[in-house]
Amino acid sequence: MTPNYEDRPSGPPRKSGMPAWGWALIGCVGLPLLGVPIMAALLFPVFSQAREKARQTSCLSNCKQMALGTLMYAQDYDETLPPRDTAWQPLLASYLKNEKVFQCPSALAEPASYAMNVEILGKKLKKISEPEAVPLLFDANASSPSALAAPTAIAYRHGGKKNYANVAFLDGHAKAQKKSGTE
C-alpha cells in the first residue's frame, strides 16, 4: 500500500488560539499597565511622608524668620520684646520679607498657626536668663492671629504621627520638638 501524499497538509500542523505576536503584545503593553496601579499604591505613602516633611521644614523656616524678626524688633526698641497688649504680627511685619510666614503650611484651615510666649512679652532681653532654652513662639492652634499662649499650648502637628511641633527660641534658633512620651 502506497501512502497518499496529496491528502496531507503541507507545513507544520495549525494550532488553534492566539498567535505568538498577540502574546508578545500583551506582555509588552498589558503588564506595564497593570504595574502602574501597583506601583502607585506602593509609592503613595512615601510621597505623602515627603510632602509632610516639606511642610514641616517650611514651618520651621517660618518660625526662624519670625524669631529673627522679633529680635530685630527688640533691638530697635531698647532690647525690649513686643508688649503684651499689642498684636505682635503687625509689629513684626516690617522686619519680615514675606508675611506668609505667619501661616503654617500644615495648618492652612486654621485662622492662626503660631502663638508667642505670653510669659516673656514686654520684658527686656537681658533680664531673661538662658535665652537658648526659652520658647519665643511655637506651633499653636490659635483662634486669632497674634495669639499669645503659654508654652504648654504647643500644637503637635508635624511628622507621621503628629508627634512634632516647631519652636523658635529666644536666642533665634528654631527646632522641631518631639512630644514627650512618644517613641
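These remarks concern the structure in this document. (Residues numbered from 1 in each chain as written. Predicted model: local features only at pLDDT ≥ 70, side-chain atom pairs only at ≥ 80, totals over all residues. Heavy atoms only, no water.)

The strands making up a sheet are joined through hydrogen bonds of the backbone, oriented either antiparallel or parallel. With respect to topology, five strands assemble into an open sheet ordered E3-E1-E2-E4-E5, the strand pairing being mixed. The open sheet has two edge strands with one neighbour each: strand E3 (147-149) and strand E5 (174-178). Averaged over neighbouring strand pairs, the angle between their axes works out to 40 degrees when direction is ignored. As paired strands, strand E1 (residues 112-117) and strand E2 (residues 135-142) are joined by four bridges and run antiparallel to one another. When the sheet's bridge partners are listed, Met116 is paired in E2 with Leu137. (Pairing = 2+ DSSP bridges. Helix = DSSP H or I, 4+ residues; strand = E, 2+ residues; numbered from the N terminus. Axes fitted to C-alpha atoms, helices over the stretch in contact; angles between N-to-C directions.)

What follows concerns the pattern of salt bridges. Evaluated as defined, the whole model comprises four salt bridges. The salt bridge involving Glu52 is made with Arg55; its shortest N-O contact spans 3.4 Å. Of this pair, Glu52 and Arg55 both sit in helix H1 (residues 20-76), three residues apart, which is roughly one turn of that helix. With a shortest N-O distance of 2.9 Å, Arg157 and Asp139 are connected by a salt bridge. In this pair, Arg157 is assigned in the loop between E3 and strand E4 (164-169) and Asp139 in strand E2, connecting sequence segments 18 residues apart. Accessibility classification places Arg157 together with Asp139 in one group, the buried group. Look at the salt bridges and you will find they share partners, linking Glu110, Asp139 and Arg157 into a network. (Salt bridge = Lys/Arg side-chain N within 4 Å of Asp/Glu carboxyl O. Buried < 20%, exposed > 50% of the residue type's maximum accessible area, 1.4 Å probe, protein only.)

Grouped burial of nonpolar side chains is what soluble globular proteins tend to show. Core analysis: the biggest nonpolar cluster contains 28 residues, and Met66, Leu81, Leu136 and Leu170 have the highest contact counts within it. Of all the elements in the fold, those that place two or more residues in this core are H1, helix H2 (88-93), E1 and E2. Per-element tally for this core: the top contributor is H1, with seven residues. Ignoring anything within four residues of it in the chain, the contact list for Leu81 reads Thr70, Tyr73, Ala74, Ile120, Leu121, Gly122, Lys123, Leu125, Ile128, Leu136 and Leu170. In terms of nonpolar packing, the next biggest core, distinct from the first, is built from 11 residues, Ala112, Ala115, Ala140 and Ala165 among them. (Core = buried A, V, L, I, M, F, W, Y, C linked by side-chain atoms within 4.5 Å. Contact = heavy atoms within 4.5 Å.)

Counted under the stated rule, the structure contains three aromatic pairs. Here the aromatic rings of Tyr73 and Tyr95 are separated by 6.2 Å at their centres, their planes lie at 85 degrees, and the arrangement is edge-to-face. Here Tyr73, found in helix H1, pairs with Tyr95, found in the loop between H2 and E1; they are 22 residues apart in sequence, far enough to count as distant. For the pair Tyr73 and Tyr95, one class covers both residues: buried. Each member of the aromatic cluster is reached from another via a ring pair, and the members are Tyr73, Tyr77 and Tyr95. (Phe/Tyr/Trp six-rings, centres within 6.5 Å; stacked < 30°, edge-to-face > 60°.)

Positive phi is not limited to glycine here, since Glu79 has a value of about 60 degrees. Its identity as a non-glycine residue notwithstanding, Ser146 has a phi of 60 degrees, on the positive side. With respect to the helices and strands, Ser146 occurs in the loop between E2 and E3.

Before going further, it helps to examine the environment of Leu121. Here Leu121 lies in the loop between E1 and E2. For the pair Leu121 and Leu148, spaced 27 residues apart in sequence, the C-alpha to C-alpha distance is 9.1 Å. Residues contacting Leu121, with those up to four places away along its chain left out, are Leu81, Pro82, Pro83, Arg84, Met116 and Leu148.

Attention shifts here to the state of the cysteines. In total, this model carries zero disulfides according to the counting rule given. Counting only cysteine sulfurs, Cys59 is the nearest neighbor of Cys63, a cysteine outside any disulfide, at a range of 4.5 Å. Look at Cys63 and you get buried, because its relative accessible area is 0%. (Disulfide = S-S within 2.5 Å.)

Moving on, we get to the side chain of Glu52. Classification of Glu52 by relative accessible area gives buried; the value is 11%. Polar side-chain contacts of Glu52 include one of 3.4 Å to the side chain of Ser106. Residues in contact with Glu52, not counting those within four places in the same chain, are Ser106, Arg157, His158, Gly159 and Lys162. (Polar contact = N/O pair within 3.5 Å; in protein donor to acceptor, adjacent residues only side chain to side chain.)

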